[in-house]
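Residues per chain are reported as follows:
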Amino acid sequence: MKKICVLALTVSLCFAGASFAGTLRVGATPTPHAEILAQVRDDLKAQGVDLQIVEFTDYVTPNLALSDGELDANYFQHLPYLQSFCKDRGLDLASAATIHVEPMGLFSKKFATLEGLKDGALIAVPNDPTNCGRALLLLQSAGLIRLAADSGLTATELDVEENKRGFKFRSLEAAQLPRSLDDVDAAVINGNYALPAGFNPAKDALLVEGADSPYANVIAVKAGNENNADVQALIKALQSDKVSKYILGAYAGGVLPAFGGPAK
């Protein structure tokens, strides 16, 4: 009987873990992700879900922690990055829903306008494949460079076919880009790193993505957990009028709601 009780307890604990046991550990970068999550903590608590926000300052660890089971979900990345990361690392993660877009922008401390950017300027870009491609596509959209037709979303500096103004590029970790502005002429910076550094893409960027950017940030989970009850409660809370109003008010255009159900 003792062995049976121990076995029953073990099964019960395993089952509780599979359903997150009312505790939802979500990894996030501080701004804006952790700030947005904080807006729904009390709403989830009222539903019996204890939202624990685990902050990260890089783009690698949150996905590894999710894959290893240290997190139940994460919220820091756009879908192309998630797909590329999973392919490169052999991870089985999936998007459960889209939440917001952080327009990527070109920033400079040395030049006040895009037209004033000098020929041969040194431009820093993110060094991870999807965000590097995103940055180069942004520069191409303004006619500053032209990429090879088949380069796609993961374009690199090697895919630049036309660079009439002789721009030079420096690849840096995304988190370092705001600090690089003293050493380069301009930098293409992700919104979640521009905002805490005091830059608003909608107001301060020389060039910024439009609201129709395909790089919506998602709630990521282990594949198969998309419909978990606690995850769905989190998504419903985030895709609410309350959060939409918070995003529009808190970030003044630097972050935009991108609700519309699960990303495909």
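That block above? That's the structure.
Residues take numbers from 1 onward in each chain, read along the sequence in its written order. Restriction of local features to residues with pLDDT of at least 70 applies here, the model being predicted, together with a cutoff of 80 or more for giving and counting side-chain atom pairs; totals for whole chains, interfaces and linings are based on all residues. Excluded from the side-chain calculations are hydrogens and water; all other atoms, namely the structure's heavy atoms, are used.

## A word on the overall build of the chain
So, step 1. Numbered from the N terminus, helices here are DSSP runs of H or I no shorter than four residues, and strands are runs of E no shorter than two. Looking only at helices and strands, the chain features 11 helices and 13 strands.
So, step 2. When burial is assessed residue by residue, the chain has 52% of its 264 residues classed as buried.
So, step 3. Within the chain, counting contacts between residues at least 6 apart in sequence, those at least 24 apart form 74% of the total. Three exposure classes are used, based on accessible area relative to the maximum for each residue type with a 1.4 Å probe and protein chains only: buried under 20%, partly exposed in between, and exposed over 50%. When checking whether two residues touch, look at their non-hydrogen atoms; a contact exists if any pair is within 4.5 Å.

## Some remarks on the sheet that holds strand β11 (residues 207-208)
So, step 1. DSSP bridges decide pairing: two strands pair if at least two such bridges lie between them. With mixed pairing, the five strands of this open sheet are ordered in space as β9-β6-β10-β5-β11. On the outer flanks of this sheet lie β9 (168-172) and β11, each paired with one strand and no other.
So, step 2. As defined by bridge partners, strand β6 (residues 122-126) adjoins strand β10 (residues 186-189) across two bridges and the pair is classed as parallel. Across the sheet, residue Ile123 finds its bridge partner in β10, namely Ala186.
So, step 3. Helix axes are fitted only over the stretch in contact, all axes being lines through C-alpha atoms; the angle between N-to-C directions runs from 0 to 180 degrees. Sheet strands touched by helix α6 (residues 129-141): β5 (105-107), β6, β9, β10 and β11. Its angle to β6, the strand with the most contacts, is close to 135 degrees.

## Side note on the nonpolar core
So, step 1. Residues belong to one nonpolar core when they are buried, are Ala, Val, Leu, Ile, Met, Phe, Trp, Tyr or Cys, and are joined through side-chain atoms within 4.5 Å. Membership of the largest hydrophobic core comes to 30 residues, with the highest contact counts inside it found for Leu82, Ala187 and Ile189.
So, step 2. Elements with a minimum of two residues in this core: α4 (61-67), α5 (79-89), β6, β10, α8 (191-194) and β12 (216-222).
So, step 3. Top contributing element to this core by residue count: α5, with five residues.
So, step 4. Those residues in contact with Leu82 that sit more than four places away from it in its chain are Asn63, Gln77, Leu93, Ala94, Ser95, Val218 and Ala220.

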